[in-house]
Amino acid sequence: MIYVSLYVSLTAVALSTLFSIPIAVVMGFTDFPGKQFAKSVINTGMGFPSVVVGLLVLFAVSNQGPLGALDLVFTKQAMIMSQFVLATPPITAISLAAISGVDQNVRDAARVLGGTRVDVALVVLKEARYGIATAILAGFGRAISEVGSVLIVGGNITGADGISKTRTLTTAIQLEARQGQYETAMILGAVLVTLVLTVNAVVIRLGDQGVHR
């Protein structure tokens, strides 16, 4: 369960980060028609119901869906897809806010010193690093704490040998609680909180190392 939870969530957040940060950079440095509408869509996505995301992904990977030929129903890959969709809006929105919040004087100073657009972007990203790290952590928190969508697309499956195939810590907690196994559910909850805190500490530590170099 721990492996499945970390594998699915970290993969989804990594893919979402690679997708979201460039979008935030482009939106933070350019003006284009419909920019406010795009921001509204991203902000709306932060509160999108997870069960609806699960249903949409399930339809996409079902036999009737566009990805039906890939046979992804009740697999880790389908769970990654659902968590990717859930993690992308907060990572994009918070990163965009961090980039937009960098003082204009920082950008002007970089230009005055002869910096290209890429140089200016790198300077702004460095100034916004803590906000971006917060965005990634928010996306990870949304992903690893998810129950509804991963239950729908993953199925909460374990093998005959008891090894988890698509069962995560959150779905296991739900199952144990429904069966009245509150002590086991609390232990699993403590494990989940420990994992989240550990990942947060690692990300913050890496960010601090990047600053000191």
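Residues numbered from 1 in each chain as written. Predicted model: local features only at pLDDT ≥ 70, side-chain atom pairs only at ≥ 80, totals over all residues. Heavy atoms only, no water.

*Asks:* Explain the overall build of the protein to me, please; I cannot follow it from the model alone.
*Replies:* The secondary structure content of the protein amounts to ten helices and zero strands. For the protein, the α and β elements follow one another from N to C terminus as α-α-α-α-α-α-α-α-α-α. Projecting the C-alpha coordinates of the protein onto the three principal axes gives extents of approximately 65 × 40 × 25 Å. Counting across all 213 residues of the protein, residues that qualify as buried make up 39%. (Helix = DSSP H or I, 4+ residues; strand = E, 2+ residues; numbered from the N terminus. Buried < 20%, exposed > 50% of the residue type's maximum accessible area, 1.4 Å probe, protein only.)

*Asks:* So what exactly am I meant to see when it comes to a nonpolar patch on the surface here?
*Replies:* A cluster of nonpolar residues, Phe 48, Val 51, Val 52 and Leu 56, forms a patch on the protein surface that exposes about 320 Å² of accessible area. On the secondary structure map, Leu 56 appears in helix α3 (residues 50-61). (Patch = residues over 30% accessible without salt bridge, like charges linked within 9 Å, V, L, I, M, F, W, Y side chains within 5 Å. Areas by Shrake-Rupley, 256 points an atom, 1.4 Å probe, with all protein chains shown as cover. Salt bridge = Lys/Arg side-chain N within 4 Å of Asp/Glu carboxyl O.)

*Asks:* Where do I start with the packing of helix α2 (residues 35-45) against helix α4 (residues 76-100) in this structure?
*Replies:* Between two packed helices, what matters for the description is the angle formed by their axes and the separation of those axes. Closest axis-to-axis distance for the α2/α4 pair is 8 Å, and the angle between their directions is 130 degrees. It follows from the interaxial angle that α2 and α4 lie oblique. Remark: the crossing between α2 and α4 carries left-handed chirality. In contact with Lys 39, Ile 42, Asn 43 and Gly 45 of α2, α4 contributes Pro 89, Thr 92, Ala 93 and Leu 96. Taken together, the residues that form the contact of α2 with α4 break down as four nonpolar, three polar and one charged. (Axes fitted to C-alpha atoms, helices over the stretch in contact; angles between N-to-C directions. Parallel < 35°, antiparallel > 145°, perpendicular 65-115°, else oblique. Left-handed = near helix turned anticlockwise from the far one by under 90°. Contact = heavy atoms within 4.5 Å. Nonpolar A, V, L, I, M, F, W, Y, C, P; charged D, E, K, R; others polar.)

*Asks:* Even after reading the chapter, I still don't get the environment of Thr 44, so can you show me in this structure?
*Replies:* Structurally, Thr 44 can be placed in helix α2. Note on Thr 44: relative accessible area 53%, which makes it exposed. In this structure, the C-alpha to C-alpha distance between Thr 44 and Thr 168, residues 124 residues apart in sequence, is 27 Å.

*Asks:* Quick question: what am I supposed to make of the nonpolar core here?
*Replies:* It is characteristic of soluble globular proteins that their nonpolar side chains tend to be buried jointly. Among the nonpolar cores identified, the biggest contains 28 residues, and Val 13, Ile 91, Ile 99 and Ala 128 are the most heavily contacted of them. Broken down by secondary-structure element, the contributors of at least two residues to this core are α1 (2-29), α4, α6 (117-127), α7 (129-144), α9 (169-178) and α10 (182-212). Beyond its immediate stretch of four places on either side in the chain, Ile 91 contacts Val 13, Ser 16, Thr 17, Ser 20, Ile 21, Ala 135, Ile 136 and Gly 139. One finds Val 57, Ala 78, Val 150 and Val 153 within the second-largest nonpolar core, a separate group that totals eleven residues. (Core = buried A, V, L, I, M, F, W, Y, C linked by side-chain atoms within 4.5 Å.)

*Asks:* Sorry if this is basic, but what is going on with the confidence of the model for the protein here?
*Replies:* Low pLDDT marks stretches whose predicted atomic positions should not be read closely. With 96% of its residues at a pLDDT of 70 or more, the protein shows a mean pLDDT of 88. The weakest mean pLDDT in the protein belongs to helix α5 (residues 104-112) at 80; the strongest belongs to α4 at 94. (pLDDT = per-residue confidence, 0-100.)

*Asks:* I'm lost on unusual backbone geometry in this one. Help?
*Replies:* The phi torsion of most residues other than glycine is negative, and most of the peptide bonds are trans. Positioned with a positive phi, Phe 74 is a non-glycine residue whose angle comes to about 55 degrees. In this fold, Phe 74 is placed in the loop between α3 and α4. In the Ramachandran plot, Asn 156 falls in the positive-phi region, its phi being about 55 degrees despite a non-glycine side chain. Examined against the element boundaries, Asn 156 turns out to sit in the loop between α8 (148-154) and α9.

*Asks:* Would you mind going over the pattern of salt bridges with me for this structure?
*Replies:* Side chains that carry opposite charge are capable of pairing whenever their charged atoms lie near each other. Summed over the entire model, instances satisfying the criterion amount to one salt bridge. Close ionic contact of Asp 31 with Lys 35 constitutes a salt bridge, the shortest N to O distance being 3.3 Å.

*Asks:* It is not clear to me how the packing of aromatic side chains should be interpreted in this structure. Could you clarify?
*Replies:* Both the distance between ring centres and the angle between the ring planes are used here to describe each pair of aromatic rings. Across all of its chains, the model carries two aromatic pairs by this definition. Centroid distance Tyr 3 to Tyr 7: 5.7 Å. Interplanar angle 20 degrees. Geometry classified as stacked. In this pair, Tyr 3 and Tyr 7 are both assigned in helix α1, four residues apart and thus about one turn of the helix distant. For Tyr 7, a relative accessible area of 32% translates into the label partly exposed. (Phe/Tyr/Trp six-rings, centres within 6.5 Å; stacked < 30°, edge-to-face > 60°.)

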